[in-house]
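Secondary and tertiary structure notes
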Amino acid sequence: MEQTFDYVHELLNRQMALRAKIEESPIAGEINLSYGQDFYQEEVRSIGLAMIRDGWDMEGEQLILDYVHEHYPTRVEDERNWINKMMHYLGAITDTFIDNLQAEGYRWLQGNVDMPNEYALFYPVHEIDELGKLSHKLGLNTLVDLKNPDELEQLRGWIYYRS
């Protein structure tokens with residue numbers, strides 16, 4: 001139970017820090033969060049998946065589903081499917097994986113949370129998408145340049161291909 005508390009405590013700290021960054025941004029009033037484009041949802045996803053990987057299956061899944069149920073009640077089944085997909089298709093960040101991504105022409109990794117975060121989820125992109133541009137405007141550190149070895153050296157988390 002104490003380990004679950006530690007995860008939730010970390011999540012709340014990260015969400016407070018994220019809220020402060022967003023509120024400091026000059027475009028904060030223009031942000032409309034939606035399912036799959038919600039910075040707070042991504043923090044919950046990262047911590048929930050970390051809990052699942054560490055053996056807290058039910059607690060991690062419930063953490064994620066509780067957030068979705070509260071904010072996007074019609075999307076709970078979609079989120080359950082997302083959790084199942086992520087548990088099967090996540091790849092650890094390795095030098096070989098990075099080399100393969102570069103060979104496939106990917107230029108960036110788009111993170112789902114403000115870094116550093118050991119539980120970050122990344123997906124490879126050829127060009128920065130709208131969420132990446134918005135993150136940059138908000139002052140969030142969510143992009144990793146695959147050509148910059150310094151950024152890759154201490155990178156922690158998991159990579160997945162978006163469908």
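Structure: see above.
The structure presented is a predicted model; accordingly, all values stated were derived computationally and were not measured. (Residues numbered from 1 in each chain as written. Predicted model: local features only at pLDDT ≥ 70, side-chain atom pairs only at ≥ 80, totals over all residues. Heavy atoms only, no water.)

1. What to know about helix H4 (residues 76-89)
This is how it is decided: Strands are runs of DSSP state E lasting at least two residues, helices are runs of H or I lasting at least four, and both sets are numbered from the N terminus onward. To estimate how far a helix should reach, multiply one less than its number of residues by 1.5 Å. Accessible area is worked out with a 1.4 Å probe on protein chains only. A residue is then buried under 20% of its type maximum, exposed over 50%, and partly exposed in between. This arc corresponds to the set of directions leading from the helix axis out to the C-beta atoms. Residue contacts follow a heavy-atom distance rule, with two residues in contact if any of their heavy atoms lie within 4.5 Å.
Spanning 14 residues, H4 covers 20 Å between terminal C-alpha atoms, matching the ideal 20 Å at 1.5 Å per step. Val76, Glu79, Trp82, Ile83 and Met86 are the residues of H4 that are buried. The buried residues of H4 occupy an angular sector of 110° when the element is viewed end-on, so they sit on one face. Facing away from the buried side of H4 by more than 90 degrees, the exposed set consists of His88 and Tyr89. Looking at the packing, one finds that the buried side of H4 touches helix H2 (39-53), helix H3 (57-71) and strand E3 (121-125).

2. Re the sheet that holds strand E1 (residues 91-92)
To keep it simple, the criterion reads: Paired strands are those between which DSSP finds at least two bridges.
Within the open sheet, the five strands sit side by side as E1-E5-E3-E2-E4. Their pairing is mixed. Strand pairing shows two members of the sheet lacking a second neighbour, E1 and strand E4 (143-145), which therefore form its edges. Relative to strand E5 (residues 158-159), E1 is paired through two bridges, and the arrangement is antiparallel. Looking across to E5, one finds that Gly91 is bridged to Ile159.

3. Describing the packing of aromatic side chains
For the record, the criterion: Ring geometry is summarised as follows: Phe, Tyr and Trp rings, the Trp one being its six-membered ring, pair when their centres sit within 6.5 Å, and such pairs are stacked at plane angles under 30 degrees, edge-to-face over 60 and tilted between the two. Working rule: Lys NZ or Arg CZ, within 6 Å of ring centre, within 35 degrees of ring normal, means a charge sits over the ring.
Per the stated rule, a full pass over the model turns up three aromatic pairs. Where Tyr35 meets Tyr72, the ring centres are 5.8 Å apart and the plane angle is 75°; that geometry is what we call edge-to-face. Taken together, the residues Tyr35 in the loop between helix H1 (2-24) and H2 and Tyr72 in the loop between H3 and H4 connect sequence positions 37 residues apart. Classification of Tyr72 by relative accessible area gives buried; the value is 13%. It is Arg45 that lies over the ring of Trp82; its NZ or CZ is 3.9 Å from the centre. It is Arg53 that lies over the ring of Trp158; its NZ or CZ is 3.3 Å from the centre.

4. Brief notes about the layout of surface pockets
To find the voids left in a structure, one rolls a probe of water-molecule size over its atoms. Condition: Put plainly, a pocket is an open set of points on a 1 Å grid over the protein atoms alone with protein on both sides within 12 Å along at least five of seven lines, a cavity is a set where a 1.4 Å probe fits but cannot get out, and a lining residue has an atom within 4 Å of a point. Grid points are joined across faces, edges and corners, and a volume is the space filled by probe spheres set on the points. We call Asp, Glu, Lys and Arg charged. Ala, Val, Leu, Ile, Met, Phe, Trp, Tyr, Cys and Pro are nonpolar, and the rest, Gly among them, are polar.
By volume, the second largest pocket is sized at about 220 Å³. As for the second largest pocket, its lining consists of Met115, Pro116, Asn117, Glu118, Phe122, Asn141, Leu143, Val144, Glu151, Gln154, Leu155 and Arg156. Among the residues forming the lining of the second largest pocket, the class breakdown is six nonpolar, three polar and three charged.

5. A few points about the packing of H2 against H3
Convention followed: Angles here are taken between N-to-C directions and fall from 0 to 180 degrees, while the axes themselves are lines fitted to C-alpha atoms, restricted in helices to the stretch in contact. Just so you know how the angles are binned, under 35 degrees is roughly parallel, over 145 roughly antiparallel, 65 to 115 roughly perpendicular, and the rest oblique. Handedness of a helix crossing follows the sense of rotation of the near helix relative to the far helix, less than a right angle counterclockwise being left-handed and clockwise being right-handed.
Across the interface, H2 lies against H3 with an axial gap of 7 Å and an inter-helix angle of 165°. Between H2 and H3, the angle is such that the two are roughly antiparallel. Along this stretch, H2 crosses H3, giving a crossing that reads as left-handed. The residues of H3 that touch H2, namely those facing Tyr40, Gln41, Val44, Arg45, Ile47, Gly48, Leu49, Met51 and Ile52, are Asp57, Glu59, Gly60, Glu61, Leu63, Ile64, Tyr67 and Val68. In terms of residue class, the contact of H2 with H3 is made up of 10 nonpolar, three polar and four charged.

6. Remarks on unusual backbone geometry
Leaving glycine out, the prevailing phi sign among residues is negative, and the prevailing peptide bond configuration is trans. Residues Met115 and Pro116 are joined by a peptide bond in cis, for which omega reads 10°. By secondary structure assignment, the location of Pro116 is in the loop between strand E2 (108-111) and E3.

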